[in-house]
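# Remarks on the overall topology
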Amino acid sequence: MFPTLKLGAVTYNVLKDWDLETIIRNLEASGFEAVELRSQHKHGVEPSIGVEARLKVKERFARSKIRLLSFGSTAEFESPDPAVRRRNVENAKGFVDLARDTGALGVKVRPNGFPAGIPHEQTIQNIALCLKELGDYAQVRGIEIWLEVHGPETQEPRVCAAIMQAADHKSVGLCWNSNPTDIVQGSVRPSFELLRPWIRNVHINELADERYPWRELFALLRESGYERYTLCEAQESKEPERFLHWYRALWKEMNRP
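Note that this is a predicted model, so its numbers are computed, not measured.

Scoring rules and cut-offs
- Residues numbered from 1 in each chain as written.
- Predicted model: local features only at pLDDT ≥ 70, side-chain atom pairs only at ≥ 80, totals over all residues.
- Heavy atoms only, no water.
- Helix = DSSP H or I, 4+ residues; strand = E, 2+ residues; numbered from the N terminus.
- Rg over C-alpha atoms; globule rule 2.2 N^0.38 Å.
- Areas by Shrake-Rupley, 256 points an atom, 1.4 Å probe, with all protein chains shown as cover.
- Lys, Arg positive; Asp, Glu negative; His and termini not counted.
- Charge placed at Lys NZ, Arg CZ, Asp CG, Glu CD.
- Pairing = 2+ DSSP bridges.
- Axes fitted to C-alpha atoms, helices over the stretch in contact; angles between N-to-C directions.
- Contact = heavy atoms within 4.5 Å.
- Buried < 20%, exposed > 50% of the residue type's maximum accessible area, 1.4 Å probe, protein only.
- Right-handed = clockwise from strand over helix to strand, strands pointing away.
- Phe/Tyr/Trp six-rings, centres within 6.5 Å; stacked < 30°, edge-to-face > 60°.
- Lys NZ or Arg CZ within 6 Å of the ring centre and 35° of its normal.
- Core = buried A, V, L, I, M, F, W, Y, C linked by side-chain atoms within 4.5 Å.
- Expected span 1.5 Å × (residues − 1).
- Arc of directions from axis to C-beta.

In this section: the overall build of the protein chain. Across its full length, the protein chain carries eight helices and eight strands. Against the 2.2 N^0.38 benchmark of 18 Å for 257 residues, the protein chain shows a C-alpha radius of gyration of 18 Å, consistent with a compact globule. Its C-alpha atoms put the protein chain at 50 × 50 × 35 Å along the principal axes. Accessible area of the protein chain: about 11700 Å², with a carbon and sulfur share of 49%. One way to put it: in the protein chain the 35 positive side-chain charges average out to a point 4 Å from where the 36 negative ones average out.

Right, here's the structure in full:
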């Protein structure tokens, strides 16, 4: 029997204007199971909050049906400037500490394209070295680091595979991002099989977009033994509460064996 996938949401973009109570209440009401809190949104759960506030966040999720799965940081490591990379690593470490203190599992980071004039191989090594350091920091705190398959050119599956091979850290994995660049002759299988060893989290987006083979993706996830969450990362809606109910219904249909 194949494992059962679970449905969660990223606060980007549908949930971005809701405070924490509203996020939890509306996700519970619409049958979602988890959330990734994206940085710089109204929920306000950021590395800047203190010990008492972190404990309150942890306790609030413990009383709910919603799992605080992860934090969506905007830390990125492709800059050729070591000082910029250092700031981003320290920013990500702040989210690791926040995840530990609030009971989350992972912190999402990202590449965001190749800097002009810099060999791609050098940029891949720069990203990988940052991920190694961050992985060491996260590992002893029981947190995972998820590199989003993201950015111009850097979202290409072969690039993300090269980054993972160079980082080579058991606490560092990938966040599948359901990009158009996943698709090869109508199928995501080649991209999925390339990245499968590192997939720790999955972002899904516009399930009504027939250009993306959603049924195939869900089948591949189940067949591979993936037992974690698929997180809705869709565009804004003028009726967000209604949208969540619609989205879950469509997700259930797409996920049907």
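Moving on to the sheet that holds strand E3 (residues 67-76). The strand order E1-E2-E3-E4-E5-E6-E7-E8 describes a closed barrel built from eight strands, whose pairing is parallel. Across the sheet, the axes of successive neighbouring strands diverge by a mean angle of 30°, strand direction being ignored. Packed onto the sheet, helix H1 (residues 20-29) meets strand E1 (6-10) and strand E2 (34-38) and runs at close to 150° relative to E2.

Once that is clear, we can look at the pairing of strand E8 (residues 229-232). Burial along E8 is two-sided: the residues Tyr 229 and Leu 231 and Thr 230 and Cys 232 are all buried. Across three bridges, strand E7 (residues 199-204) lies against E8 in parallel orientation. Across the sheet, the residue bridging to Ile 204 is Cys 232, located in E8. In this view, the connection linking E7 to its parallel neighbour E8 by way of helix H7 (residues 214-224) has right-handed handedness.

This part covers the packing of aromatic side chains. Across all of its chains, the model carries seven aromatic pairs by this definition. Relative to Tyr 247, the ring of Phe 243 has its centre 5.6 Å away and its plane inclined at 45°; by these criteria the two rings are tilted. Highlighted residues: Phe 243 and Tyr 247, both in helix H8 (residues 240-254), separated by four residues, approximately one helical turn. The burial state of Phe 243 is the same as that of Tyr 247; both residues are buried. The ring of Tyr 229 carries the charged tip of Lys 6 above its face, separated from the ring centre by 5.6 Å.

Turning our attention to the environment of Ile 183. By the element assignment, Ile 183 lies in the loop between strand E6 (172-176) and helix H6 (189-195). Separated by 28 residues in sequence, Ile 183 and Arg 211 place their C-alpha atoms 9.1 Å apart. Apart from residues no more than four positions distant in its own chain, Ile 183 is found in contact with Val 188, Arg 211, Tyr 212 and Pro 213.

Generally speaking, soluble globular proteins have nonpolar side chains that are buried together. Grouped together as the largest cluster of nonpolar side chains are 77 residues, with contacts concentrated most on Phe 77, Val 109, Leu 131 and Ile 204. In this structure, Val 10, Ala 34, Leu 105 and Tyr 229 belong to the second largest nonpolar core, which totals eight residues.

Now for the pairing of E2. Counting buried residues along E2, five of its five residues qualify, which places the element largely inside the surrounding structure. Both faces of E2 are covered, namely the face carrying Ala 34, Glu 36 and Arg 38 and the face carrying Val 35 and Leu 37. Note that E1 and E2 share three bridges and pair parallel. Residue pairing across strands places Gly 8 opposite Ala 34, the latter belonging to E2. Considered for its hand, the β-α-β crossover made up of E1, H1 and E2 is right-handed. Of the pairings in the sheet, the one linking E2 to E3 comprises five bridges and is parallel in character. Bridge pairing links Leu 37 to Phe 71 in E3.

The terminal C-alpha atoms of helix H2 (residues 51-62), which comprises twelve residues, lie 17 Å apart, in line with the 16 Å expected from a rise of 1.5 Å per residue. Among the residues making up H2, those that are buried are Arg 54, Val 57, Arg 60 and Phe 61. What you see down the axis of H2 is that its buried residues fit within an arc of 125°, all on one side. Relative to its buried face, H2 has exposed residues pointing more than 90 degrees away, namely Val 51, Glu 52, Lys 56 and Ala 62. Among the structural elements, H1, E2, E3 and helix H3 (82-102) are those in contact with the buried residues of H2.

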